[in-house]
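What follows is the residue order along each chain.
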Amino acid sequence: MATQFIDKGNNIPLYLQLLSIFMENIRKGIWEPGEKLPSEKELSHTYGVSLITVRKTLEELNKKNLIYKIQGKGSFVSYGELEKYNLRFKELRSFTEEMEQSRRTVGAVVLKVEEAAVESRNAGDFGIPEGTGVLRIVRLRTVDGIPTHISTSEVFPGIGEKLKDCDLTQSIYGHLRRLGHQLNHGTEEIVAAMPTREEAGHLKISCDTPVLDTRSIVEENGRPILITRSLINSKRMKITVELAGEE
């Protein structure tokens, strides 16, 4: 790729010139979303500026949400805030169903499927003893190929067994319905949280980017059968709660 050069005779500060070059590289797709940037030392050598100038420029890019940093790995081009996908809390619908309503391409990467001891809080909501084994499914969800959230689902004992042979890149709600379960009530809690380094890496955000931490309970005839905790990339998704007035 052709390298733009810094004009040291120009009155414009070096870091602003470098910032303009880096932003142009991102805008034109020379540096693509998710791509790792050259090291600070390499950038310093390529553009003939000090490490201090490079670091100040990268800090500005980070503030503009054009890059994100992963400790020990370097800086990566962010997906930015080009568009936020909207989750509407109005009906009991899966994430897949919600996004397909908006004509989005939904995907999932299964990170882990395991038999594990139920989480303490989930045990209380399921009404089962702590330590009971449940099926735990951890997935990275995407919209149009962009990571949006990490979901960890635990399924009521016995029901989880039925899901083991299902394609878990598809909607769990859909699988449960096809297996004859009636999902007729649900609740959702939302709080703010900070991601771990691993979670931030999956979501392609920096560790200091807040996420939306949601916890949903799906019931069948008054009995919880699926509990899911999701860490949502707040830069890529927004949540709308629709409220109806009294008639």
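Look a little higher up for the structure.
Residues numbered from 1 in each chain as written. Predicted model: local features only at pLDDT ≥ 70, side-chain atom pairs only at ≥ 80, totals over all residues. Heavy atoms only, no water.

Novice: So, the side chain of His149: which residues are in play, and what are the values?
Specialist: Relative to the helices and strands, His149 resides in strand β6 (residues 146-155). Accessibility expressed as a relative area gives 4% for His149, which makes it buried. Polar side-chain contacts of His149 include one of 3.1 Å to the side chain of Thr148. His149 has contacts with Phe95, Arg139, Leu140, Arg141, Leu203, Ser230, Leu231, Ile232 and Met237, leaving out every residue within four places of it along the chain. (Helix = DSSP H or I, 4+ residues; strand = E, 2+ residues; numbered from the N terminus. Buried < 20%, exposed > 50% of the residue type's maximum accessible area, 1.4 Å probe, protein only. Polar contact = N/O pair within 3.5 Å; in protein donor to acceptor, adjacent residues only side chain to side chain. Contact = heavy atoms within 4.5 Å.)

Novice: An account of the sheet that holds strand β7 (residues 185-193) is requested, with residue identities and associated values reported.
Specialist: With respect to topology, six strands assemble into an open sheet ordered β4-β5-β6-β9-β8-β7, the strand pairing being antiparallel. Two strands close off the open sheet at either side, each with one partner strand: β4 (106-117) and β7. Pairs of neighbouring strands in the sheet enclose a mean axial angle of 15°, with direction left out of account. Bridge analysis of β6 against strand β9 (residues 223-233) gives seven bridges, and the strand direction is antiparallel. The residue of β9 that forms the bridge with Thr152 is Arg229. (Pairing = 2+ DSSP bridges. Axes fitted to C-alpha atoms, helices over the stretch in contact; angles between N-to-C directions.)

Novice: I'd like a description of the pattern of salt bridges, backed by residues and values.
Specialist: Using the criterion set out here, one finds 10 salt bridges in the structure. Here Asp125 ties to Arg215 by a salt bridge, and the two come within 2.6 Å at their closest N and O atoms. Linking Asp125 in helix α5 (residues 120-126) with Arg215 in strand β8 (residues 211-220), this pair joins segments that are 90 residues apart in sequence. Taken together, the shared-partner salt bridges connect Glu114, Arg136 and Glu154 into one network. (Salt bridge = Lys/Arg side-chain N within 4 Å of Asp/Glu carboxyl O.)

Novice: How would you sum up the packing of helix α2 (residues 40-47) against helix α3 (residues 51-63)? Please name residues and give values.
Specialist: The N-to-C vectors of α2 and α3 enclose an angle of 115°; their axes lie 9 Å apart at closest approach. When the axis of α2 is compared with that of α3, the two are roughly perpendicular. The way α2 lies across α3 gives a crossing that is right-handed. Residue-level inspection shows Glu40, Lys41, Leu43 and Ser44 of α2 in contact with α3, the latter providing Leu51, Val54, Arg55 and Leu58. Its residues assigned to classes, the contact of α2 with α3 comprises four nonpolar, one polar and three charged. (Parallel < 35°, antiparallel > 145°, perpendicular 65-115°, else oblique. Left-handed = near helix turned anticlockwise from the far one by under 90°. Nonpolar A, V, L, I, M, F, W, Y, C, P; charged D, E, K, R; others polar.)

Novice: Quick rundown of the side chain of Thr57? Include the residues and the values.
Specialist: Its place among the elements puts Thr57 in helix α3. The exposure class of Thr57 is buried, given its relative accessible area of 0%. One polar contact links the side chain of Thr57 to the main-chain carbonyl oxygen of Thr53, over a distance of 2.8 Å. Beyond its immediate sequence surroundings of up to four residues, Thr57 is in contact with Tyr15, Leu18, Leu19 and Phe22.

Function cannot be inferred from these measures alone, as they are strictly geometric.
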